[in-house]
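Commentary on secondary and tertiary structure
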Amino acid sequence: PATAAAAEARLDPAVASQLRACLEAQASSARDVCTAAWAAVEAHVAEECAHALSHVKHISVNYRMTRKPPPRTHSGYVAGVLGPLRAFRDEHRTLPAATEGYVGRVVGGVTRMYADAVASLLDTVRQMDDIIQRR
């Protein structure tokens, strides 16, 4: 079998140059499509993980107007937040090297969503405290 270099040597240099440019453009386009598709997969897995974060909204309800002391350990939902990521990773252990780093990117996305949920909760608590103090 002829190698790519041997096949290229038999081509007219102008044709070989055009062919190389065409193949490089298609490879670049394919990489862009793969990158966009993988970003969508990562976003989907992060959203699946974020479903558990809906419990954050209910934390203040559990302690407002009660005599419960503040929690000393993490809430029960915390252990399951990354469950969808674990399931995805376990199911797709043979992903190509091009997807390296996806776990960190998904965890980063979930962490940002958690920070947003906690910030929203704290804003709500502050607003409620302001309303209560005005009475």
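Overview of the structure.

Cut-offs used in this document
Residues numbered from 1 in each chain as written. Predicted model: local features only at pLDDT ≥ 70, side-chain atom pairs only at ≥ 80, totals over all residues. Heavy atoms only, no water. Phe/Tyr/Trp six-rings, centres within 6.5 Å; stacked < 30°, edge-to-face > 60°. Helix = DSSP H or I, 4+ residues; strand = E, 2+ residues; numbered from the N terminus. 1 Å grid on protein atoms, 1.4 Å probe; cavity = no way out; pocket = protein on both sides within 12 Å on 5 of 7 lines; lining within 4 Å. Points joined across faces, edges and corners; volume = space filled by probe spheres on them. Expected span 1.5 Å × (residues − 1). Buried < 20%, exposed > 50% of the residue type's maximum accessible area, 1.4 Å probe, protein only. Contact = heavy atoms within 4.5 Å. Core = buried A, V, L, I, M, F, W, Y, C linked by side-chain atoms within 4.5 Å. Salt bridge = Lys/Arg side-chain N within 4 Å of Asp/Glu carboxyl O. Axes fitted to C-alpha atoms, helices over the stretch in contact; angles between N-to-C directions. Parallel < 35°, antiparallel > 145°, perpendicular 65-115°, else oblique. Nonpolar A, V, L, I, M, F, W, Y, C, P; charged D, E, K, R; others polar. Left-handed = near helix turned anticlockwise from the far one by under 90°. Patch = residues over 30% accessible without salt bridge, like charges linked within 9 Å, V, L, I, M, F, W, Y side chains within 5 Å. Areas by Shrake-Rupley, 256 points an atom, 1.4 Å probe, with all protein chains shown as cover.

1. Overview of the packing of aromatic side chains
Think of a pair of aromatic rings as described by two things: how far the centres are apart, and how the planes are tilted against each other in angle. Summed over the entire model, instances satisfying the criterion amount to 3 aromatic pairs. Ring geometry for Phe88 versus Tyr102: centroids 5.9 Å apart, planes at 80°, classification edge-to-face. Placement of Phe88 in helix α4 (residues 83-91) and of Tyr102 in helix α5 (residues 102-134) is noted, with a sequence separation of 14 residues between them. Within the aromatic cluster, the residues linked to one another by ring pairs are Trp38, Phe88 and Tyr102.

2. Section: the layout of surface pockets
Counted as a void, the largest pocket has a volume near 160 Å³. If you go around the largest pocket, the residues you meet are Ala50, Leu53, Ser54, Lys57, Met113, Ala117, Ser120, Leu121 and Thr124. No other element matches the 5 residues that α5 contributes to the lining of the largest pocket.

3. A word on α5
Taking 1.5 Å as the rise per residue, α5 with 33 residues should run 48 Å; its terminal C-alpha atoms sit 48 Å apart, in good agreement. For α5, the full list of buried residues reads Tyr102, Val106, Gly109, Val110 and Leu121. Contact partners of the buried residues in α5: α2 (13-50), α3 (59-63) and α4.

4. Some words on the nonpolar core
Residues Val45, Leu53, Val81, Leu85, Val106 and Val110 are the most contacted members of the largest nonpolar core, which totals 16 residues. Of all the elements in the fold, those that place two or more residues in this core are α2, α4 and α5. If sequence neighbours within four positions are ignored, Val81 has contacts with Cys49, Ala52, Leu53 and Val110.

5. Brief notes about the pattern of salt bridges
Under the counting rule described, the total for this entry stands at 4 salt bridges. Members of the salt-bridge network, linked through shared partners, are Arg89, Asp90 and Arg93.

6. Some words on the packing of α2 against α4
At a minimum axis distance of 7 Å, the contact between α2 and α4 shows a crossing angle of 135°. Of the possible angle classes, the one that applies to α2 and α4 is oblique. Only Pro84, Leu85 and Phe88 of α4 make contact with α2, whose side of the interface consists of Trp38, Val41, Val45, Glu48 and Cys49. Broken down by class, the residue content of the contact of α2 with α4 amounts to 7 nonpolar, no polar and 1 charged.

7. What about the packing of α2 against α5?
Running from N to C, α2 and α5 point in directions that differ by 45°, and their axes come no closer than 9 Å. Taken together, α2 and α5 sit at an angle that is classed as oblique. Of the two possible hands of crossing, α2 and α5 adopt the one that is right-handed. Residues Trp38, Glu42, Val45, Ala46, Glu47, Cys49 and Ala50 of α2 form the contact with α5, whose own contacting residues are Tyr102, Arg105, Val106, Val110 and Met113.

8. Notes on the environment of Val106
In this structure, Val106 sits in helix α5. Residue classification places Val106 among the buried residues on the basis of a relative accessible area of 1%. As for Val106 and Ala117, which are separated by 11 residues in sequence, their C-alpha atoms are 17 Å apart. In this structure Val106 touches Glu42, Val45, Ala46 and Leu85, once residues within four positions along its chain are discounted.

9. Here's the deal with a nonpolar patch on the surface
A cluster of nonpolar side chains, Leu11, Val15, Leu19 and Leu23, forms an exposed patch at the surface whose accessible area comes to about 340 Å². Using a relative accessible area of 54% as the deciding quantity, one classes Leu23 as exposed.

Just distances and angles here, no functional claims.
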